[in-house]
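Coordinates in review
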Amino acid sequence: DVKHTFDMVRGASQQRMKLNPRRAWYKNVKEITTSGDNEVTFSLGRPQPGLVMLLASTYSPVYPAHIPAAELRTKAVGTGAFRLTEYVRDQHLRVRKNADYFVKGRPYLDGVDYIIIKSKGTALAVMTSGQVDVFLPTETEQKTYETLKKNPELVFQRRALGTNNQHMIVNSRKPPFNDPRLRKAVNLALDRYAYTRSIQPGYQVGGYMLGPPDGDWGYGADELRSMPGWRDAALDKEDARKLMREMGYSERNPLKFTLSTRTPANYVEPAQWIIGELKQVYFSPELEIVDDGQWYPRLARRDYTISLAAHGYGANDPDVPYYEGFSCGSQRNYVDYCDPEAEKLFELQSRTVDQVERAKIVRQIELKLIGEAVKPSLAFRVDYNATNKRVKDFIPHSGAYSYGRMQEVWLDR
């Protein structure tokens, strides 16, 4: 099963995935072999200390070899602590204890009911009233936290989501944004510190890897203060206007284009704020709200000019955002960035075993990508996950999707 899965993911088997954004993760894997029923060997082309993190990600499930890949799209299959028993669209999803679970004595819970509530206001009311036990991780942002913390029955766990970066993506193949000066003007127009005070309170500014105090790899807020886009907002905006004037744009002749984003409010509100920022530096964007079902197909077709996006990468290791989001030919490299110097640095950091030395190379990469401005970073999400105090051993992770196994969770009642 392991060999079947990762041969398929890395494109080395007859079964193919139509969309495969994780293929870039395993480009260094040259061969996968098995020895009996309980041993599998990954042979690599070079050292890669981050591989263990990639395999541990919740984006790396193991598929059963005896079930066709197409069937997995319509059938819940797995060896987890719970089994799916019922799903009613827009109402609920129910899972019940797997009696054959391979960890003896787990899970503790008999089952979990996931209640689907589209309205944030209704969800807040339900959580406050104690009708549910856990608020979905990533949904207790600071504004929500300020409302819920008044309830003495709730407890909170703060997590900086180092694998969830909110940013803009610029179609560098689409004129006029194939001109790097325009991309740099976009980057300079955005006051990230105002953004994390008013639009997304509590978010942590950063590049493409989360920096201190919550991350180990990227630049922290204080270090970014000297970089274009994170300096004094007035200075950055004036530099943006200079670039725009060089290209013939002005207050009377702004550059018109469409800025796209998804339907959820935590995308639409930031997109509206971005439009206000860009209008101050001779851009004139029109907001386009794209239905969630069409969002990723549109990005895959490069059917956009500039978009506000937030990508969850599933594992907090530099190999993930660099290979998946910036490497030549990666399906999730929606900006089609491809730079030979960057590719060499991606490889160098990936093979460096000493973490201190690897972090130094990562910072070189961060500086380069910030300067290219094909994907201007805004901030990393910070969540104050809310649970009822009767819930024990529920652990929200820095990766937004890593909490769901819940084999250790129990209720004190």
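Please refer to the structure placed before this passage.
Below is a summary of the structure that appears in this document. Since this is a predicted model, take the numbers as computed values, not measurements.

What counts, and where the lines are drawn
- Residues numbered from 1 in each chain as written.
- Predicted model: local features only at pLDDT ≥ 70, side-chain atom pairs only at ≥ 80, totals over all residues.
- Heavy atoms only, no water.
- Patch = residues over 30% accessible without salt bridge, like charges linked within 9 Å, V, L, I, M, F, W, Y side chains within 5 Å.
- Areas by Shrake-Rupley, 256 points an atom, 1.4 Å probe, with all protein chains shown as cover.
- Salt bridge = Lys/Arg side-chain N within 4 Å of Asp/Glu carboxyl O.
- Helix = DSSP H or I, 4+ residues; strand = E, 2+ residues; numbered from the N terminus.
- Buried < 20%, exposed > 50% of the residue type's maximum accessible area, 1.4 Å probe, protein only.
- Phe/Tyr/Trp six-rings, centres within 6.5 Å; stacked < 30°, edge-to-face > 60°.
- Lys NZ or Arg CZ within 6 Å of the ring centre and 35° of its normal.
- Polar contact = N/O pair within 3.5 Å; in protein donor to acceptor, adjacent residues only side chain to side chain.
- Contact = heavy atoms within 4.5 Å.

The next subject is a nonpolar patch on the surface. On the surface, Leu84, Tyr87 and Ile116 cluster together to form a nonpolar patch covering roughly 270 Å² of accessible area. Mapped onto the secondary structure, isoleucine 116 falls in the loop between strand S5 (111-115) and helix H3 (120-128). For isoleucine 116, a relative accessible area of 32% gives the class partly exposed.

On to the packing of aromatic side chains, then. Applying the stated criterion to the full structure yields 15 aromatic pairs. When the centroid spacing of 6.2 Å and the interplanar angle of 70° are considered together, the rings of tyrosine 323 and phenylalanine 346 count as edge-to-face. Of this pair, tyrosine 323 sits in helix H11 (residues 319-325) while phenylalanine 346 sits in helix H12 (residues 340-351), and the two are 23 residues apart along the sequence. As far as the burial class goes, tyrosine 323 and phenylalanine 346 line up, both buried. Plain terms: the ring middles of phenylalanine 326 and tyrosine 337 are 5.9 Å apart, the flat faces sit at 90° to each other, and that makes the pair edge-to-face. Placement of the pair is phenylalanine 326 in the loop between H11 and H12 and tyrosine 337 in the loop between H11 and H12, with a sequence separation of 11 residues. Accessibility expressed as a relative area gives 7% for tyrosine 337, which makes it buried. We note arginine 225 situated over the ring of tyrosine 193; from NZ or CZ to the ring centre the distance is 3.6 Å. We note arginine 363 situated over the ring of tyrosine 219; from NZ or CZ to the ring centre the distance is 4.5 Å.

In this structure, proline 107 follows arginine 106 across a cis peptide bond, with omega equal to -5°. The omega angle of the peptide bond from proline 175 to proline 176 is 0°, so this bond is cis rather than trans. Along the chain, the position of proline 176 falls in the loop between strand S6 (154-170) and helix H5 (180-189). With phi around 65°, aspartate 90 is a residue other than glycine that occupies positive phi space. On the secondary structure map, aspartate 90 appears in the loop between strand S3 (82-88) and strand S4 (92-97).

What follows covers the side chain of glutamate 324. Within the secondary structure layout, glutamate 324 lies in helix H11. Side-chain polar atoms of glutamate 324 contact the side chain of arginine 22, separated by 3.2 Å. A polar side-chain atom of glutamate 324 sits 2.7 Å from a polar atom in the side chain of arginine 332. Once residues within four sequence positions are removed from consideration, glutamate 324 is found in contact with Pro21, Arg22, Ala24, Trp25, Tyr313, Asp319, Ser330, Arg332 and Asn333.

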